[in-house]
Amino acid sequence: MGYFLQQLVNGVTLGMIYGLIAIGYTMVYGIIGMINFAHGEIFMIGAFVSLIGFMLLGLAGVTWVPAMLLIVLVATMALTAVYGWALERVAYRPLRNSPRLAALITAIGMSIFLQNYVQLLQGARVKPLQPVVSGGFAFLADGDFTVNLSYLQLIIIVVTFALMVGFTYLITRTAFGRAQRACQQDLGMAALVGVNVNHTIAFTFVIGASLASVAGLMFLLNYGVIDFYIGFLAGIKAFTAAVLGGIGSLPGAMLGGLLIGLIEAFWSAYFTVEYKDVAAFSILVLVLIFRPTGLLGKPDVEKV
Amino acid sequence: MTATVQTPGRAATPPPRPLDRRRLLVDAALTALVVLALSFALVGFKIEDVPGGLDLLLRFDDVVVAAALAFLVRLGVDLLGAGRPLPVLATSLALAGALAGLLVAEQGQTEPGALTRWLPFGAVVVDWLVVMIALGFAARAAADLWRRRATVAPVATEASTIAATLRVATRVLGPLLLGVAVTLPFLPEVDRRILDIAILVVTYVMLGWGLNIVVGLAGLLDLGYVAFYAVGAYSYALLAQSFGFGFWTCLPFAGIMAGFAGILLGFPVLRLRGDYLAIVTLGFGEIVRVVLLNWYQFTGGPDGISGIPRPTFFGLELTRTASGGGETFHGFFGLTYSPTDRIIYLYYIVLALALLTNAFTMRIRKLPIGRAWEALREDEIACRSLGINPRNTKLTAFSIGAMFGGFGGAFFATRQGFISPESFTFIESAIILAIVVLGGMGSQIGVVFAAVLLIGLPEIFRDLQQYRMLAFGGAMVVIMLWRPRGLLARRRPTIHLPPEGAGR
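Residues numbered from 1 in each chain as written. Chains lettered and ligands numbered in written order. Predicted model: local features only at pLDDT ≥ 70, side-chain atom pairs only at ≥ 80, totals over all residues. Heavy atoms only, no water.

Peer 1: Now, about the overall build of chain B: what can you tell me, with residues and values included?
Peer 2: Within chain B, the regular secondary structure consists of 18 helices and six strands. Counting all 504 residues of chain B, 47% fall into the buried class. A separation of at least 24 residues holds for 73% of the contacts in chain B among residues at least 6 apart in sequence. For chain B, the exposed area adds up to about 24,900 Å²; of that, 67% sits on carbon and sulfur atoms. (Helix = DSSP H or I, 4+ residues; strand = E, 2+ residues; numbered from the N terminus. Buried < 20%, exposed > 50% of the residue type's maximum accessible area, 1.4 Å probe, protein only. Contact = heavy atoms within 4.5 Å. Areas by Shrake-Rupley, 256 points an atom, 1.4 Å probe, with all protein chains shown as cover.)

Rendered as structure tokens:
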């Protein structure tokens with residue numbers, strides 16, 4: 001029982017990270033109907049920017065952990081958001097009215113480009129980070145097994161929740177949210193009633209990128225090592241999460257992320273750790289076969 | 001049909017408009033600001049490994065230079081757009097000339113690095129890239145100037161002119177290319193290195209043609225093609241290792257196994273729509289790789305399989321001395337032994353396989369099943385109402401494409417003599433798909449061009465190893481932005497009703 005609870009905690013933490021990335025996928029898919037293949041690289045860039053931020057703060061002598069986290073969080077979100085914006089402006093906006101495959105190819109090209117860009121600039125070696133947040137508390141003793149909730153896991157869960165609340169507010173209550181939802185329903189119609197479609201799409205990428213960068217920061221804190229290749233697998237799994245939750249649905253993305261995180265944690269704990277990626281992909285295939293719209297997605301009606 | 005392709009669209013040269021200097025500068029400054037933000041963290045600081053941890057290295061000169069260049073580029077683009085090519089031409093020529101002069105002088109210096117601080121970037125390749133971009137601007141500006149002088153404004157845009165020329169040339173070019181390909185090993189100046197590159201290019205051409213059946217004809221987006229490539233390679237390697245079969249015995253098996261894998265994977269997923277199908281096939285590709293990596297007893301895991309037999313020529317070995325009582329090729333024909341013989345033989349094998357793929361595709365296009373694929377690509381609902389079974393039709397395309405992938409895999413295994421899961425990563429699928437899409441989906445000759453462009457060129461510039469994939473990704477983006485339908489886009493159905501040009 002204790003072991004089970006421990007895996008539950010680990011899985012939820014992992015799921016939060018996937019969920020944050022998945023939101024970027026699902027928003028972009030919802031609004032322009034393309035898989036933003038380079039989104040995983042944005043997450044990776046977020047992780048690298050946070051690592052540089054932590055090192056800079058270390059050199060500057062800032063040691064108070066909450067201040068460090070807050071500064072790095074804000075700086076990473078801001079700088080990575082620019083990457084999201086530039087990505088859309090350079091690679092996707094010129095192709096908005098082109099065949100869908102064209103945008104997918106530029107997305108894959110961008111993904112390869114960004115990976116190698118970071119590899120060239122920062123080197124191919126794995127980059128470690130000293131633990132920034134340490135300690136935790138044991139909240140349940142089950143025989144000789146205690147369930148640990150580290151402060152880091154607590155921070156990840158709390159920050160994700162806070163971001164989710166803010167994000168939900170943004171989408172449901174603000175003018176941008178209204179424009180975003182309108183564009184999701186019908187780009188042309190939204191443009192006709194005066195929504196600035198270009199701005200809305202650009203801002204969607206900015207938000208997706210900043211959420212992914214937070215996920216990158218958490219990944220860095222959680223695992224302590226990053227390299228230029230982490231974006232690929234994390235991106236694929238987050239996309240799986242988005243599809244599992246129902247692509248285009250924002251709560252679905254979070255739910256899907258949580259489920260993927262839990263599946264991965266439990267699979268690693270009770271079965272074989274080597275095949276944990278296979279488990280995640282198999283879930284994707286099963287979901288698409290039996291419930292192609294995902295858990296919370298709306299059925300896609302094909303009009304003739 | 002008229003002989004020249006004329007596309008209505010943007011006029012050749014935008015007429016000069018009154019210049020809004022302030023807006024121009026603001027635009028350029030904003031671009032520079034964005035580049036500054038982009039490069040601030042990742043370019044400005046380099047994480048260095050030092051004993052006992054990491055250290056940060058500052059590179060802010062590069063950040064500033066990048067921002068300044070972005071300013072100039074944006075200014076240039078805006079000026080060209082406003083119909084002012086003259087200042088762009090002057091500035092870019094001056095810049096390119098000065099930079100190129102510096103670079104050449106730098107190479108001539110006995111003491112390396114004496115002129116480095118005058119160059120914009122530390123890396124010479126990046127400096128040359130800057131020169132190229134400046135030259136590109138100069139060429140564009142010159143073209144604009146020339147067009148303004150010309151009394152007759154040409155209507156066709158340059159991109160479509162190129163495509164039209166190529167398309168007309170295709171009729172001549174196809175046989176010509178074939179001739180070059182067949183005689184390549186015997187042309188002068190062709191050494192082993194060029195043959196190796198040629199083998200690689202033709203392998204990708206073959207894989208591209210195989211995937212073209214799935215993507216170009218049937219319109220199914222397959223991001224996991226490498227899985228079938230892997231199945232073919234491992235089928236041959238394992239059959240050869242366990243039963244001692246030769247290449248020619250295993251080749252059909254490898255294809256059949258890959259085809260079956262295609263049916264197996266395709267059956268559950270082919271009812272999904274475009275993007276979903278892409279992601280699921282990607283997932284399958286990764287699953288196959290992970291299984292190959294972890295099923296140690298069967299596949300050797302990360303160690304791979306080595307000692308895969310080379311192909312024989314009707315039982316004659318292409319080695320110096322025959323193993324186990326066989327006879328050698330040069331011994332049988334009374335020739336002197338040359339190690340290139342084997343390479344030439346491999347080249348002809350893959351060429352034959354590629355041509356087989358091409359011939360098969362060209363023929364099957366005209367069969368009912370090929371027509372059904374193309375119809376399905378255009379409109380699935382219409383097909384359904386006409387009584388075409390979409391699932392079975394897609395499944396045939398998927399498994400036939402997979403079969404050719406399997407042939408390619410078997411060839412890969414016999415060429416390398418060693419395979420491991422390392423060779424079958426997602427990036428391979430992406431490269432093959434990029435070749436198909438960049439070539440123009442459904443265009444057979446486009447695949448050849450794209451393969452030469454994407455595989456051949458980077459191989460020739462092998463010295464720039466570290467920039468290879470960066471340039472590859474960048475090229476994918478740039479080509480797609482330039483021609484969103486591919487280099488040689490031709491997505492016309494092969495049958496028309498009524499015939500084209502009737503009633504004109």
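Peer 1: Give me the nonpolar core: which residues, what numbers.
Peer 2: With 226 residues, the main nonpolar core has Phe37 and Phe54 of chain A together with Leu42 and Ile419 of chain B as its most contacted residues. Dropping the residues within four chain positions of it, Phe54 of chain A is found in contact with Met68, Leu69, Val72, Leu129, Val132, Leu217, Leu220 and Leu221 of chain A. One finds Leu24, Leu75, Leu89 and Ala141 of chain B within the second-largest nonpolar core, a separate group that totals 11 residues. (Core = buried A, V, L, I, M, F, W, Y, C linked by side-chain atoms within 4.5 Å.)

Peer 1: Any chance you could break down the confidence of the model for chain B for me, citing the residues and the numbers?
Peer 2: Residues and elements named next belong to chain B. When pLDDT is averaged along chain B, the result is 80, and 84% of the positions lie at 70 or above. When pLDDT is averaged over each element of chain B, helix H15 (residues 390-416) comes out on top at 91 and helix H5 (residues 158-183) at the bottom at 71. In the predicted structure, residues 1-12 sits below a pLDDT of 50 and forms 13 contacts with residues beyond four places in sequence or in another chain. (pLDDT = per-residue confidence, 0-100.)

Peer 1: Tell me about the interface of chain A and chain B, and please be specific about residues and values.
Peer 2: Between chain A and chain B, the residue contacts involve 64 residues of the former and 57 residues of the latter. Summed over both sides, the interface of chain A with chain B buries roughly 5,500 Å², with 79% coming from carbon and sulfur. It is Ile105, Ile112 and Leu120 of chain A that lose the most area in chain A upon contact with chain B, and together they represent 11% of the buried surface on that side. Our count for the chain A to chain B interface comes out at zero salt bridges. Inspection of the chain A/chain B interface yields five residue pairs in polar contact (both at pLDDT 80 or more). Broken down by secondary-structure element, the contributors of at least two residues to the side of chain A that touches chain B are helix H2 (39-60), helix H3 (65-92), helix H4 (100-122), strand E1 (127-128), helix H9 (230-245) and helix H11 (276-290) of chain A. Looking at the side of chain A that touches chain B, the element that brings in the most residues is H4 of chain A, giving 17 residues. Grouping the constituent residues of the side of chain A that touches chain B by class yields 50 nonpolar, eight polar and six charged. (Buried area = accessible area lost by both parts, 1.4 Å probe. Salt bridge = Lys/Arg side-chain N within 4 Å of Asp/Glu carboxyl O. Polar contact = N/O pair within 3.5 Å; in protein donor to acceptor, adjacent residues only side chain to side chain. Nonpolar A, V, L, I, M, F, W, Y, C, P; charged D, E, K, R; others polar.)

Peer 1: Account for H9 of chain A, with residues named and values stated.
Peer 2: Residues and elements named next belong to chain A. An ideal rise of 1.5 Å per residue puts 22 Å on 16 residues; H9 measures up with 23 Å between its terminal C-alpha atoms. Counting buried positions over the 16 residues of H9 gives 15, a clear majority of the element. Count one or two residues on from H9 and you reach Gly246, which has phi positive near 105°. (Expected span 1.5 Å × (residues − 1).)

Peer 1: Describe the side chain of Gln7 of chain A, with residues and values.
Peer 2: Looking at the secondary structure, you find Gln7 of chain A in helix H1 (residues 2-32). The contacts of Gln7 of chain A, once residues within four sequence positions are left out, are Ala265, Phe266 and Ala269 of chain A.

Peer 1: Account for the pattern of salt bridges, naming residues and giving values.
Peer 2: The tally for this structure, following the rule as stated, stands at 13 salt bridges over all chains. As a salt-bridge pair, Glu264 of chain A and Lys237 of chain A come within 3.3 Å of each other at their nearest N and O atoms. Note that Glu264 of chain A is positioned in helix H10 (residues 250-270) and Lys237 of chain A in helix H9, a separation of 27 residues in sequence. Given the relative accessible area of 4%, Glu264 of chain A is considered buried. What makes Lys237 of chain A buried here is its relative accessible area of 3%. The closest approach of N and O atoms between Arg192 of chain B and Asp196 of chain B, which form a salt bridge, is 3.7 Å. Of this pair, Arg192 of chain B and Asp196 of chain B both sit in helix H6 (residues 192-217), four residues apart, roughly one helical turn. Arg192 of chain B gets classed as partly exposed once you look at its relative accessible area, which sits at 42%. Using a relative accessible area of 26% as the deciding quantity, one classes Asp196 of chain B as partly exposed.

Peer 1: Residue-level account of the packing of helix H8 (residues 247-269) of chain B against H15 of chain B, with values.
Peer 2: All names here are of chain B. Here H8 crosses H15 at 145°, and the two axes come no closer than 7 Å. Here H8 and H15 pass one another in a crossing that is right-handed. Facing Phe247, Leu251, Pro252, Ala254, Gly255, Ala258, Gly259, Gly262, Ile263, Gly266 and Phe267 of H8, the residues of H15 in contact are Arg391, Leu395, Phe398, Ser399, Ala402, Met403, Gly406, Phe407, Ala410, Phe411 and Thr414. When the residues that make up the contact of H8 with H15 are grouped by side-chain class, the tally is 14 nonpolar, seven polar and one charged. (Axes fitted to C-alpha atoms, helices over the stretch in contact; angles between N-to-C directions. Left-handed = near helix turned anticlockwise from the far one by under 90°.)

Peer 1: How would you explain the environment of Leu89 of chain B if you had to name every residue and give the values?
Peer 2: Residues and elements named next belong to chain B. Of note, Leu89 is situated in helix H3 (residues 85-108). When the C-alpha atoms of Leu89 and Gly76 are compared, they prove to be 9.1 Å apart, with 13 residues separating the residues in sequence. The contacts of Leu89, once residues within four sequence positions are left out, are Ala138, Ala141, Ala142 and Leu145.

Peer 1: An account of the environment of Asp55 of chain B is needed here, citing residue identities and associated values.
Peer 2: In this structure, Asp55 of chain B sits in strand E2 (residues 53-58). Expressed as a C-alpha distance, the spacing of Asp55 of chain B and Phe45 of chain B, which sit 10 residues apart in the sequence, is 9.6 Å. When near neighbours in sequence (up to four residues on either side) are disregarded, Asp55 of chain B contacts Met55 of chain A together with Lys46, Ile47, Glu48 and Val50 of chain B.

Peer 1: Which residues make up empty space enclosed by the protein, and what values go with them?
Peer 2: Summed over all chains, the structure comprises five cavities of 30 Å³ or more. The volume enclosed by the largest cavity comes to roughly 80 Å³. Lining the largest cavity are Tyr25, Ile35, Phe37, Gly40, Glu41, Ser111, Gly231, Phe232, Gly235, Ile236 and Phe239 of chain A together with Ile279 of chain B. For the lining of the largest cavity, the secondary structure elements donating two or more residues are H2 and H9 of chain A. Residue contributions to the lining of the largest cavity peak at five residues, all from H9 of chain A. Residue composition of the lining of the largest cavity, by class: seven nonpolar, four polar and one charged. (1 Å grid on protein atoms, 1.4 Å probe; cavity = no way out; pocket = protein on both sides within 12 Å on 5 of 7 lines; lining within 4 Å. Points joined across faces, edges and corners; volume = space filled by probe spheres on them.)

Peer 1: An account of the packing of aromatic side chains is needed here, citing residue identities and associated values.
Peer 2: Note on aromatic pairs: each is described by the distance of the centres and the angle between the planes. The final tally for this structure, using the stated rule, is 31 aromatic pairs over all chains. Between Phe37 of chain A and Phe426 of chain B the ring centres are 5.6 Å apart and the planes differ by 15°, which places this aromatic pair in the stacked class. Note that Phe37 of chain A is positioned in the loop between H1 and H2 and Phe426 of chain B in helix H16 (residues 426-439), a pairing that runs across two chains. Each of the two residues, Phe37 of chain A as well as Phe426 of chain B, counts as buried. (Phe/Tyr/Trp six-rings, centres within 6.5 Å; stacked < 30°, edge-to-face > 60°.)

Peer 1: Could you give an account of the confidence of the model for chain A, with specific residues and numbers?
Peer 2: Of the residues in chain A, 96% have a pLDDT of 70 or more, and the chain-wide mean is 87. In the model of chain A, strand E2 (residues 136-142) of chain A stands out as the element of lowest mean pLDDT, 72, in contrast to helix H8 (residues 197-223) of chain A, which has the highest, 93.

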